Amino acid sequence: SSTLFTGREVIWSITITEWAHNPIFGYGPGLWGDEFSAMHGYLGIASNAHNQLLDTLGASGYLGVAALLVYFFVLLRYAVLLANMSNWVSVALIVFIGVRCISEVPLKTINITTSDFFMHAVLIGVFMRAMNSQVKLNRVVNVQPLLPTQS
């Protein structure tokens, strides 16, 4: 029997089934851990649901998805607000991360040695660099900041 998404639809089905048992909070952090993967015959094959939204839904339910969406849209907002100051690198990085969310879980930053964690950290670094450039520019030209500042 062939599969449409190299077996991902099976992993997604298992994830949705587990989420359905507790839709508000999800299965918990053990979803697609070693024990869970072994129980379903995927040890060494699947360590996540291979989709950011489904992985979050399965592990932390509606509550987790709501938090994920808020976080992603905050990142998106600042990427757009800081686009000119970052030479559009901020937008490119958030688009890259967003596209990776389709087939991977780049915002599951439990392991700091992964490339996904690195890209996330680079995005935050670009935000900080762009904000620093804005502050320096404001001091030189004495203009109103693009983003609100604390007094």
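**Student:** Summarise the packing of helix 3 (residues 52-81) against helix 4 (residues 89-103); cite the residues concerned and give the values.
**Tutor:** The contact between helix 3 and helix 4 brings their axes to 10 Å, and the two run at 165°. Considering their axes alone, helix 3 and helix 4 lie roughly antiparallel with respect to each other. Between helix 3 and helix 4 lies a crossing whose hand is left-handed. Of helix 4, the residues touching helix 3 (which contributes Gln52, Phe72, Leu75, Leu76, Ala79 and Val80) are Ser90, Val91, Ile94, Gly98 and Cys101. For the contact of helix 3 with helix 4, the class distribution of residues is eight nonpolar, three polar and no charged.

**Student:** Now, about helix 4: what can you tell me, with residues and values included?
**Tutor:** Relative to the 21 Å expected for 15 residues at 1.5 Å per residue, helix 4 spans 22 Å between its end C-alpha atoms, a close match to the ideal helical length. Along helix 4, the residues that are buried comprise Ser90, Val91, Leu93, Ile94, Ile97 and Cys101. Along the long axis of helix 4, the arc covered by the buried residues comes to 165°, so they all point the same way. Projecting away from the buried face of helix 4 at angles above 90 degrees are the exposed residues Val99 and Ile102.

**Student:** Let's hear about the environment of Met131: which residues, and what values?
**Tutor:** With respect to the secondary-structure elements, Met131 resides in helix 5 (residues 115-141). Each C-alpha atom of the pair Met131 and Leu82 lies 7.6 Å from the other, and the pair is 49 residues apart in sequence.

**Student:** Just give me the short version of the side chain of Glu104, but keep the residues and values in it.
**Tutor:** Position of Glu104 relative to the elements: it lies in the loop between helix 4 and helix 5. Excluding anything up to four places from it in sequence, Glu104 contacts Arg8, Asn48, His50, Asn51 and Gln52.

**Student:** Run through the environment of His50, naming residues and quoting values.
**Tutor:** If you trace the backbone, His50 turns up in the loop between helix 2 (34-39) and helix 3. For His50 and Glu9, which are 41 residues apart along the polypeptide, the C-alpha to C-alpha distance reads 9.5 Å. Residue contacts for His50: discarding those within four places in its chain leaves Arg8, Ile11, Trp12, Ile45, Ile102, Ser103 and Glu104.

**Student:** Before we move on, could you go through helix 1 (residues 8-21) and cite the residues and values that matter?
**Tutor:** Residues lying three or four places apart along an α-helix face the same way, a consequence of the helix completing one turn every 3.6 residues. In this model helix 1 runs 20 Å from its N-terminal to its C-terminal C-alpha over 14 residues, within 8% of the 20 Å that 1.5 Å per residue would give. All buried positions along helix 1 are accounted for by Ile11, Trp12, Ile14, Thr15, Glu18 and Trp19. The buried residues of helix 1 occupy one face: seen down the axis, they fall within an arc of 160°. Its buried side turned inward, helix 1 meets helix 2 and helix 3.

**Student:** Account for the packing of helix 1 against helix 3, naming residues and giving values.
**Tutor:** Between helix 1 and helix 3, whose axes approach to 8 Å, the crossing angle comes to 15°. As the angle between them shows, helix 1 and helix 3 are arranged roughly parallel. Judged by the twist between their axes, the crossing of helix 1 over helix 3 is left-handed. Only Leu54, Leu57, Gly58, Gly61 and Tyr62 of helix 3 make contact with helix 1, whose side of the interface consists of Trp12, Thr15, Ile16 and Trp19. In the contact of helix 1 with helix 3, the residues fall into six nonpolar, three polar and no charged.

Parameters at a glance
- Residues numbered from 1 in each chain as written.
- Predicted model: local features only at pLDDT ≥ 70, side-chain atom pairs only at ≥ 80, totals over all residues.
- Heavy atoms only, no water.
- Axes fitted to C-alpha atoms, helices over the stretch in contact; angles between N-to-C directions.
- Helix = DSSP H or I, 4+ residues; strand = E, 2+ residues; numbered from the N terminus.
- Parallel < 35°, antiparallel > 145°, perpendicular 65-115°, else oblique.
- Left-handed = near helix turned anticlockwise from the far one by under 90°.
- Contact = heavy atoms within 4.5 Å.
- Nonpolar A, V, L, I, M, F, W, Y, C, P; charged D, E, K, R; others polar.
- Expected span 1.5 Å × (residues − 1).
- Buried < 20%, exposed > 50% of the residue type's maximum accessible area, 1.4 Å probe, protein only.
- Arc of directions from axis to C-beta.

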